[in-house]
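The lines below spell out each chain.
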Amino acid sequence: MASHVYPKKLEKFLRLPLSLKIHFTGFLLGAATREFLFRVHHLVNLARLRINGVRHGRNLKTWGGIILSIYPGSRVVLGEDVSIISDGWRSTASTLFAKTRFRTFTPSSAILIGDHTGLNGTSITSRSREISIGAYTMIAPNVIITDSDFHIPWPPEGRRLYPGFEQDAKVTIGQNCWIGINSLILKGVTIGENTVIAAGSVVVNDIPADCLAGGVPARVIKTYR
């Protein structure tokens, strides 16, 4: 059957106007080129992850480059079947402001990504605490997650001099969560499993499981159970 299908498709293509033939051919060449570049980037990503001491499980998938700044002795662990998207061509929901980034600052820093989790232009910065994301969690484009303010808030004259490491706090995102586009997850936050964080939210306090939360600051909008 397949041998009859392709000649018919070719006949339809040959009957198209020249302008459509050129457009369609350009589309196919562009798609093939992007796929080739994605494969090259993936091989480079695997090598860079290994060089930087990042451990990952089976079937890691990457599209586009990854920004890595990993302090020696810190931990970055990616589970099985993790997807990392750093290219706007591959992102289906939105363009990406930047590539996915993992950054650690001290030996006590840790970034732990659960199995089957998807990241899209996500920035995760662990200065001195652990940031963990549960399995099957979806991180929409342009989300920022951090465990630190990076400066003491008061007094003003101390902001340049005192980093305030003692104020850093662990961040935990449960399993099966969905973090919406352009959200910001700040230090000391725990988000319960199955919870949805609405697009554009700023999460500064704990959010329980099985709910929809959103706003600035994020609050529970709806409970699912």
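Here the structure is a predicted model, which is why all the values come from computation and not from measurement. Numbers given for residues are sequential positions, taken from 1 along each chain in its written order. The model is predicted, so local features are restricted to residues of pLDDT at least 70 and side-chain atom pairs to those at 80 or more, both for listing and for counting; the totals for chains, interfaces and linings are taken over all residues. For side-chain calculations, the full set of non-hydrogen atoms in the structure is used, while hydrogens and water are omitted.

(A) Spatial organisation of the overall build of the protein chain. For the purposes of this entry, the term helix denotes a DSSP run of H or I that reaches at least four residues, the term strand denotes a run of E that reaches at least two, and both are numbered from the N terminus. Within the protein chain one finds 2 helices and 20 strands. In terms of overall dimensions, the protein chain has a C-alpha envelope of 75 × 45 × 35 Å along the principal axes. Remark: exposure states derive from per-residue accessible area (1.4 Å probe, protein chains only) relative to the maximum for the residue type, with buried under 20%, exposed over 50%, and partly exposed in between. Expressed as a percentage of the 225 residues in the protein chain, the buried residues total 40%. In these tables, accessible area is a Shrake-Rupley quantity obtained with a 1.4 Å probe, and a residue counts as shielded only by the protein chains included in the view. Counting every atom, the protein chain has about 12,800 Å² of accessible surface; 61% of that belongs to carbon and sulfur. Within the protein chain, the 15 negative side-chain charges are centred at a point lying 9 Å from the centre of the 26 positive side-chain charges. His is not counted, nor are the chain ends, whereas Lys and Arg count as positive and Asp and Glu as negative. Charge placement uses NZ in Lys and CZ in Arg. For Asp and Glu, CG and CD serve respectively.

(B) Structural view of the sheet that holds strand E9 (residues 123–126). One requirement defines pairing of two strands: DSSP has to find at least two bridges between them. The strand order across the open sheet built from 6 strands is E3-E6-E9-E12-E15-E18, with neighbouring strands paired in parallel fashion. Taken across any chain shown, the strands that pair with only one partner, and hence form the sheet edges, are strand E3 (67–69) and strand E18 (202–203). Sheet analysis places strand E15 (residues 184–185) next to E18, joined by 2 bridges and oriented parallel. Considered in E18, the bridge of Ile 185 is made with Val 203.

(C) Region of the structure containing the layout of surface pockets. For each structure, a 1 Å grid was placed over the protein atoms alone; sets of points admitting a 1.4 Å probe that cannot get out are labelled cavities, open sets with protein on both sides within 12 Å along at least five of seven lines are labelled pockets, and lining residues have an atom within 4 Å of a point. Grid points are joined across faces, edges and corners, and a volume is the space filled by probe spheres set on the points. Here the largest pocket defines a volume of roughly 340 Å³. Surrounding the largest pocket, 21 residues form its lining, Gly 118, Asn 120, Met 138, Ile 139 and Ala 140 being those nearest its centre. Those elements giving two or more residues to the lining of the largest pocket turn out to be strand E5 (83–85), strand E8 (118–120) and strand E11 (138–139). For the lining of the largest pocket, the class distribution of residues is 10 nonpolar, 9 polar and 2 charged. Under the convention adopted here, Pro, Cys and the residues Ala, Val, Leu, Ile, Met, Phe, Trp and Tyr are nonpolar, Asp, Glu, Lys and Arg are charged, and Gly plus all remaining residues are polar.

(D) Geometry of unusual backbone geometry. Cis geometry is found at the peptide bond from Trp 154 to Pro 155, where omega equals 0°. Mapping Pro 155 onto the fold places it in the loop between strand E12 (144–146) and strand E13 (171–173). Across the junction of Val 216 and Pro 217, the peptide omega takes the value -5°, indicating a cis bond. For Pro 217, the location among the structural elements is in the loop between strand E19 (211–214) and strand E20 (219–223). Its identity as a non-glycine residue notwithstanding, Tyr 136 has a phi of 65°, on the positive side. Here Tyr 136 is to be found in the loop between strand E10 (130–133) and E11. Phi is positive for Asn 182, which is not a glycine, with a value near 65°. Relative to the helices and strands, Asn 182 resides in the loop between strand E14 (178–179) and E15.

(E) Here's a closer look at the side chain of Asn 142. Tracing the backbone through its elements, the reader meets Asn 142 in the loop between E11 and E12. Among the polar contacts listed, one links the side chain of Asn 142 to the backbone nitrogen of Phe 97, at a separation of 2.7 Å. Contacts are residue-level and defined by heavy atoms, with any inter-residue pair within 4.5 Å sufficient. Apart from the residues within four sequence positions on either side, Asn 142 is in contact with Ser 94, Thr 95, Leu 96, Phe 97, Ala 98, Asn 120, Gly 121, Asn 182 and Ser 183. Here a polar contact is taken to be a pair of N or O atoms separated by no more than 3.5 Å, where protein atoms must pair a possible hydrogen donor with a possible acceptor and residues adjacent in sequence count only if both atoms sit in side chains.

(F) Focus on the pairing of strand E7 (residues 110–113). The pairing of strand E4 (residues 75–78) with E7 spans 4 bridges and is parallel. Residue pairing across strands places Arg 75 opposite Ala 110, the latter belonging to E7.

(G) Highlighting the sheet that holds E7. Pairing in this open sheet of 6 strands is parallel, and the strands run E1-E4-E7-E10-E13-E16 from one edge to the other. The open sheet is flanked by strand E1 (55–56) and strand E16 (190–191), the only strands paired with a single partner.

(H) Region of interest: the pairing of E4. Along E4, the buried face is formed by Val 76 and Leu 78; none of Arg 75 and Val 77, which line the opposite face, is buried. Two strands pair when backbone bridges link them, and E1 and E4 are joined in this way by 2 bridges, in the parallel orientation. The residue of E4 that forms the bridge with Arg 55 is Val 77.

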